[in-house]
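# Coordinates in review
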Amino acid sequence: MLTRFNSESIKTSCFAVGISFGLIGFITLISAVGNFPDSSNSRTQLSLILSGLLTSLISAGLLKLAGKQEITRASKIFSLAVTSILSFIALSSIVYLLTGFVETLDAAIWESAAGITTTAISNIEIEKLPSSMHIYRSVSQWVGGLGVLCLVFVAMPLTVRKEDGRDLTSEGYASQIFSRDPKKKVKEFSIVYMGLTVIIFVAYISAGMGTFDSICHSLTTASTGGFSTKSASIGSYGSGSIEWVATFGMIFGGLNLGLFWWAWKKKFSKIKENTELRAYFFILLISILAFGLMLDRDFFDLETIRTAAFITASLLSTTGFTTVSWEFSSAMTTIALLVMATGAMTGSTGGGYRVHRVIMLFWYLRRESTIMHKPSAIRVMKLSGNKVLDRSLEKLHGYTAIFILLVAVGAFLLSLSSQHLTLQESISFSLSAMVTNGPGLLESTGVGIDHNVVSHLTLSALMVLGRLSILPVAYVVLFASTALKGVFLRTTEEVE
Amino acid sequence: MRLSRAIFTEGVYESATLNVIGVALLFLSPGLLVCTLVEWGSGSSHQEMALLGTTCLTLVIGMSLRTITSIADDSMEKPKAVFSVVAWSWVSCALVGVMPYLLGDVFAWSHFGNALFESISGFSCTGSTVLEDIESNGRGILLWRQMTQWYGGMGMIVLGVTVLPNLGVGGLKLMAAEAPGHKSDKLKAKSIDTAKSLWVIYFGITAVITFALWILPNISFYDAIAHGFSTVATGGFSTYNASIGHFNSYLAELVIVVGMFICAMNFNLQFIFLRGQGENKANRGKIKVFTDSSEWKLYVKITLLTVFGVFLLNWLLDSAPVGIAFRDSLFNVVALASSTGFGNVRPNGIGDFVLWGTATQLVLLFLMAVGGTVGSTSGGMKVLRMQIGLKALRRELKKLQHGKLVFPIKLGKTPVEDSIVASALGFISLFISFVIGGTLVATVCGGDDFVSSLSGAISAMSNMGPALGDAGPTSNFLEFSRTGRAALAVLMVVGRLEIYAVILMFIAPADRLKIRKQT
């Protein structure tokens, strides 16, 4: 056991947990400051300040204990990612319990997981929350978005061995966009991310949303999180201009942040040749058209187009904001599930199967057809100028299979936990959590999921798996099972 | 690629496709003749002229095609040519299979689409029906309906044994990877012989199931042979509206369960079990033949575990009595795992899986997609592909842990080539893509219910039969819109011909259907 969990592993874990403590400290202190003028919620205020101070101190200690970490191996990156997110959820759950807005541990885990994984799913009475908790929830989604960007732009490229070539299934082409130096890279995409948030904030203010709501919504729009300060989400404002801002914000949130960087650097040719971008907008336009036609309203009415665009943007970017109830006809349900499953571009904060994988799958089908007709033909598949290797395709098929399997398992567990759920609802809730969207597609008689331990934990697990693109979690589970197997075998041998 | 040239004639025109279609149609005519006699003898209705007319039609067309066409020496050398030819001959049989339904007024001519759906469902061994009242039809017509599935199963054996391995995409190439002693090269060289041997087993199993059903009380010889046909083909058509539930007999269900379970097992393994391996007939009659196959072991495990799981769900969540819960779980799980699709619904909806809980239905949906083993008449993604897919995933994770090490994927003790792994994974992706496409067409273009469409698409791709939602075992596929039914019929063909054949059919039809006058 000790040989497996050696001092290096302990130091890595300390580092990961230290980061989580630090983040929680940062978020809670900011939230406490945000609540300063409001003295009606002293328990919340006190809980946040105490949590913030304590976690910041513990974080400093843990990071000092961990020392400087050289993170180059895939195994280390995956362990770090999983440990960080799990410890963050654990700590955030404690904050939720301390503030008293959530009564049970499983519900707290669920709320925390929804925050850090940028999923718009919650069972809290939103309107009763003090402003500090709104800030806490919004910032946790924004930080979650930043974490995803770190994973995509910095961590995933390190997991690919040079001799294997570029792995487009896992990392997309994200590694080519920003500077090569990881520190510079983090700085660059953080600037873009913050810039996007600020632009959305200004747009919300201009559209007539209040300052506080604009801050919260800009954080959750840029991160494609979807938490709102209103229980009816964006629909509660009843404002066309706010809906348009949210729509464009979500669309931009689902874009690869590198595109903004290229635009800033005036590398327009790179943007122009980006296949994924074209596919993203193609899916977006087709879906808007389909929803517009199916909404049972006058298609040429601006309100219809706005509603269709809003729904599409919310689904495709996996944000989860709503303006209307998601009770669709069967045709709309199918399209909505497909758009939701497709998800955003690689290098964005959105989740889902991702557009680049859809393109690869489509081209794979084309290639297979050609090869059958002309066996000697060599058809090179390219994605945004990058050759797609056979290894990447193999991984793609594996990813597709496990993605669907996890959604199916999630739907099974949800239907066990909530026996009135229909097949459609259980699949849609499971898929929605897996792609970090949030709301499921209800049937006309549906009442949603029952809130119990099984449903909360199932959805939390799906959100984490979806947020980390499955691989890191699967790796850690395999590693842990191998380690436990080793311990078990050794114990058995000792007994004998 | 070798197909015995002895079965082909030397006509004036060279067309491999038309010649093989002629042979296929001639194969159908004895069956049609038997159905004509049954219809005539039963006196239950007056559809014998429809059957006789179709018999004559198939004989005339078949003989004509054989007489006027020939196969050029080089035309069957390319695997894709054989692939395309077999696929087109299969489609031709499905088209001819429509005739008894139309001529016998089972469907009006204006409902040609429904007749075609029924015929495709038969020849693809699917078992989905658009007949509203099955029992109102004559015995001969219903026997023909059962027989289409039996013929479809025979065709599947030819496709699986002689055609798919030569393209390196079908189930048998996978099967050869672990089946002891049956190397793919050997199968190529003796493809027709192998097909004949497997047909003997196919006939044998049909006879055994028929006999086992016949000796049971209240089951006539007609019912026995009709259900024997659809059981061995893992088809699922029945001569009764309530399917097997009509008999309301534990023993009949048990016989059918055993039959379905065996017929979803690799026929090649059954062949070795019965005839032995090599010249010294090694392993003849030894259970080791099966237990050495990792796919067989997984198939048994999946089936048993699912029976147990569904039983628990039915018993605990749906509060069904223990005996009924076990009986219905066993029957329906095996019916779906083998992609047969028989129903055992009894009065008051007992045994109707559409009324079971959502969790149970999800398990059944998963079973539908997986299907049986390669080298059998069952449909679906097949257990072996799932097994390879899971092993490939595990390998990916191991590679992350130990980057530079090589991890071969093994089936039993035999390593699997990377090309086979890629092919299996690609097939799973294609399968999923087609299911999504089918669901999209049925819901968006046909306006059908989402659950029925999704489960209908999976059912059609797996050649299962019943679906969930509105298209359960007590219902029929008229619940779907015309567009939805068309989409599902296409999926049945795609699923039966293992996707690749259909792609080739439409990519290379021009040169395959080319008729050239001999000089």
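For clarity, every value in this text was computed on a predicted model and none was experimentally measured.

A word on the overall build of chain B. Counting its secondary structure elements, chain B contains 22 helices and five strands. Counting the 519 residues in chain B, one finds 60% classified as buried. Long-range contacts, defined here as pairs at least 24 residues apart, represent 74% of the contacts in chain B between residues at least 6 apart.

Counting secondary structure elements, chain A contains 19 helices and two strands. Looking at the 496 residues of chain A, the share that counts as buried comes to 56%.

The next point concerns helix H7 (residues 182-207) of chain A. Residue and element names in this part refer to chain A. The end-to-end C-alpha separation of H7 is 37 Å, in line with the 38 Å expected for 26 residues at 1.5 Å each. Looking only at H7, the buried set comprises Lys185, Glu188, Phe189, Tyr193, Leu196, Thr197, Ile200, Phe201, Ala203 and Tyr204. In this structure, the buried side of H7 is in contact with helix H5 (131-159), helix H8 (211-222), helix H9 (240-253) and helix H10 (257-264).

The interface is formed by 42 residues belonging to chain A together with 42 residues belonging to chain B. Every element with two or more residues in the side of chain A that touches chain B is listed here: helix H3 (74-99), helix H14 (330-342), helix H15 (355-373), helix H16 (390-417), helix H17 (423-434) and helix H19 (471-495) of chain A. If you tally residues by element for the side of chain A that touches chain B, the top one is H16 of chain A, at 14 residues.

Turning our eyes to something else, we now look at unusual backbone geometry. All names here are of chain B. At Asn218, a position not held by glycine, the phi torsion is positive, near 70 degrees. With respect to the helices and strands, the residue Asn218 is situated in the loop between helix H9 (191-214) and helix H10 (221-232). The phi torsion at Thr234 lies on the positive side, around 45 degrees, for a residue other than glycine. Counting through the fold element by element, Thr234 comes out in the loop between H10 and helix H11 (250-263).

So, on to the nonpolar core. Counting 288 residues, the largest nonpolar core has Ala81 and Ala336 of chain A together with Phe431, Ala457, Met461, Leu488 and Leu491 of chain B as the members making the most contacts within it. With 14 residues, the single largest contributor to this core is helix H18 (residues 418-445) of chain B. Dropping the residues within four chain positions of it, Met461 of chain B is found in contact with Phe431, Phe434, Val435, Leu491, Val494 and Gly495 of chain B.

Bringing the packing of helix H12 (residues 275-294) of chain A against H14 of chain A into the picture now. Residues and elements named next belong to chain A. Between H12 and H14, the shortest axis-to-axis distance is 10 Å and the interhelical angle comes to 160 degrees. One element, H12, and the other, H14, form an angle in the roughly antiparallel class. As for how H12 packs across H14, the hand of that crossing is left-handed. In this structure, H12 uses Ile283, Ser287, Ala290, Phe291 and Met294 to contact H14, whose residues at the interface are Ala331, Met332, Ile335, Val339 and Thr342. Considered class by class, the residues forming the contact of H12 with H14 number eight nonpolar, two polar and no charged.

This part covers helix H5 (residues 112-123) of chain B. Residues and elements named next belong to chain B. Compared with the 16 Å implied by 1.5 Å per residue over 12 residues, the 16 Å span of H5 between its first and last C-alpha is a close match. Most of H5 sits inside the fold, with 10 of its 12 residues counted as buried. All buried positions along H5 are accounted for by Asn114, Ala115, Leu116, Phe117, Glu118, Ser119, Ile120, Ser121, Gly122 and Phe123. Phi turns positive one or two residues past the end of H5, at Cys125, with a value near 60 degrees.

Their axes nearest at 7 Å, the elements H14 of chain A and H18 of chain B cross at an angle of 150 degrees. Taken as a pair, H14 of chain A and H18 of chain B cross one another with a handedness that is left-handed. Touching Ser330, Ala331, Thr334, Ile335 and Leu338 of chain A of H14 of chain A are Ile436, Thr439, Leu440, Thr443 and Val444 of chain B, all from H18 of chain B. For the contact of H14 of chain A with H18 of chain B, a count of residues per class yields six nonpolar, four polar and no charged.

Turning to the confidence of the model for chain B, a few remarks are in order. All names here are of chain B. Averaged over every residue, the pLDDT of chain B is 83; the share at 70 or more is 84%. Note on residues 509-519: pLDDT under 50 across the span, and 17 contacts to partners over four residues away in sequence or across chains. In the predicted complex, the global pTM is 0.88; the interface-specific ipTM is 0.85.

All names here are of chain A. Here Leu406 shows up in helix H16. The class of Leu406 is buried, set by 21 C-beta atoms lying within 10 Å. When the C-alpha atoms of Leu406 and Ser223 are compared, they prove to be 24 Å apart, with 183 residues separating the residues in sequence. If we skip the residues at most four places from it in the chain, Leu406 touches Met434, Leu462, Leu465 and Ile470.

Parameters at a glance
- Residues numbered from 1 in each chain as written.
- Chains lettered and ligands numbered in written order.
- Predicted model: local features only at pLDDT ≥ 70, side-chain atom pairs only at ≥ 80, totals over all residues.
- Helix = DSSP H or I, 4+ residues; strand = E, 2+ residues; numbered from the N terminus.
- Buried ≥ 20, exposed ≤ 12 C-beta atoms within 10 Å, placed from the backbone.
- Contact = placed C-beta atoms within 7 Å.
- Expected span 1.5 Å × (residues − 1).
- Core = buried A, V, L, I, M, F, W, Y, C linked by C-beta atoms within 7 Å.
- Axes fitted to C-alpha atoms, helices over the stretch in contact; angles between N-to-C directions.
- Parallel < 35°, antiparallel > 145°, perpendicular 65-115°, else oblique.
- Left-handed = near helix turned anticlockwise from the far one by under 90°.
- Nonpolar A, V, L, I, M, F, W, Y, C, P; charged D, E, K, R; others polar.
- pLDDT = per-residue confidence, 0-100.

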